[in-house]
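Residues per chain are reported as follows:
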Amino acid sequence: MADTPIHAAPAPAAPEGELSIRTLAMPADTNQNGDIFGGWLLSQMDLAGSIYAYKTTQSRNVTVAIEAMTFRKPVYVGDVVSVYATTVRVGRTSITVHVAAWVQRRNESKSILVTDGNYTYVAVDDSGHPQTIRQGSSSVSA
Ligand SMILES: CC(C)(COP(=O)(O)OP(=O)(O)OC[C@H]1O[C@@H](n2cnc3c(N)ncnc32)[C@H](O)[C@@H]1OP(=O)(O)O)[C@@H](O)C(=O)NCCC(=O)NCCS
């Protein structure tokens, strides 16, 4: 039986897009079973997507939706977690970013795609209201 859900897009052979965050999975990030907590990984991915989105919005942005998440493989303590981002769509006030977390396990050289999904961010003003993304501020390369 395949170990990847049939509805998940096949994993690319190598990371695609821009490296946004790299960090180390620590014991403090584990769940009750001793594995890395999915919420921690989602948080790292949200931070990575937000940093990437800022390059386009050039303003505060807030996460409005997280979609199409696929948890493909577990993350273990000691894994080096690298999160990559690519632009899916830029709207009037929002940007959707494909965020992919890859890990390099201890004593292994290859990287493995563990989780990916689409994060949508809305550019907001100081009052938290949506604001138009300025044309020309985009660093979209995807
Ligand atoms: C994000 C927020 C400012 C949007 O306010 P709103 O009044 O719903 O704004 P709009 O309806 O004008 O939508 C703004 C943009 O978000 C997009 N959007 C809204 N809901 C969406 C959803 N569920 N999925 C994808 N995009 C969505 C709209 O399509 C629009 O994009 P566009 O301008 O590029 O076409 C508001 O919902 C909010 O503050 N949410 C809480 C955000 C937050 O706290 N995030 C952290 C969670 S821990």
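Quick note: structure is the one above.
These numbers come from a predicted model, not from an experiment.

Hey, could you go over the environment of Ser94 for me, with residue numbers and the actual values?
By secondary structure assignment, the location of Ser94 is in strand 4 (residues 94-104). Looking at Ser94, the relative accessible area reads 12%, which means it is buried. Once residues within four sequence positions are removed from consideration, Ser94 is found in contact with Arg89, Thr120, Tyr121, Val122 and Ile133. Side chain to side chain, Ser94 and Arg89 meet in a polar contact 3.4 Å long.

Account for the site of the ligand, with residues named and values stated.
Around the ligand sit 13 residues in total, of which Thr63, Gly91, Arg92, Thr93 and Ser94 are the nearest. One nitrogen or oxygen atom from the side chain of Thr93 is found 2.6 Å from an oxygen atom belonging to the ligand. At 2.7 Å from an oxygen atom of the ligand is found a side-chain nitrogen or oxygen belonging to Ser94. If the ligand stood free it would expose 970 Å²; the protein chains cover 44% of that surface. Taken together, the elements giving at least two residues each to the shell around the ligand come down to strand 2 (61-71) and strand 5 (111-123). Residue contributions to the shell around the ligand peak at four residues, all from strand 2. Classifying every residue of the shell around the ligand gives five nonpolar, six polar and two charged.

Describe the side chain of Thr96, and please don't skip the residues or the numbers.
Locating Thr96 in the fold gives a position in strand 4. For Thr96, a relative accessible area of 9% gives the class buried. At 2.8 Å, the side chain of Thr96 and the side chain of Thr120 are in polar contact. Beyond its immediate stretch of four places on either side in the chain, Thr96 contacts Thr86, Thr87, Val88, Arg89, Asn118, Tyr119 and Thr120.

Calculation rules
- Residues numbered from 1 in each chain as written.
- Predicted model: local features only at pLDDT ≥ 70, side-chain atom pairs only at ≥ 80, totals over all residues.
- Heavy atoms only, no water.
- Helix = DSSP H or I, 4+ residues; strand = E, 2+ residues; numbered from the N terminus.
- Buried < 20%, exposed > 50% of the residue type's maximum accessible area, 1.4 Å probe, protein only.
- Contact = heavy atoms within 4.5 Å.
- Polar contact = N/O pair within 3.5 Å; in protein donor to acceptor, adjacent residues only side chain to side chain.
- Near = heavy atom within 4 Å.
- Areas by Shrake-Rupley, 256 points an atom, 1.4 Å probe, with all protein chains shown as cover.
- Nonpolar A, V, L, I, M, F, W, Y, C, P; charged D, E, K, R; others polar.

Remember, this is a structural readout, not a statement about activity or role.
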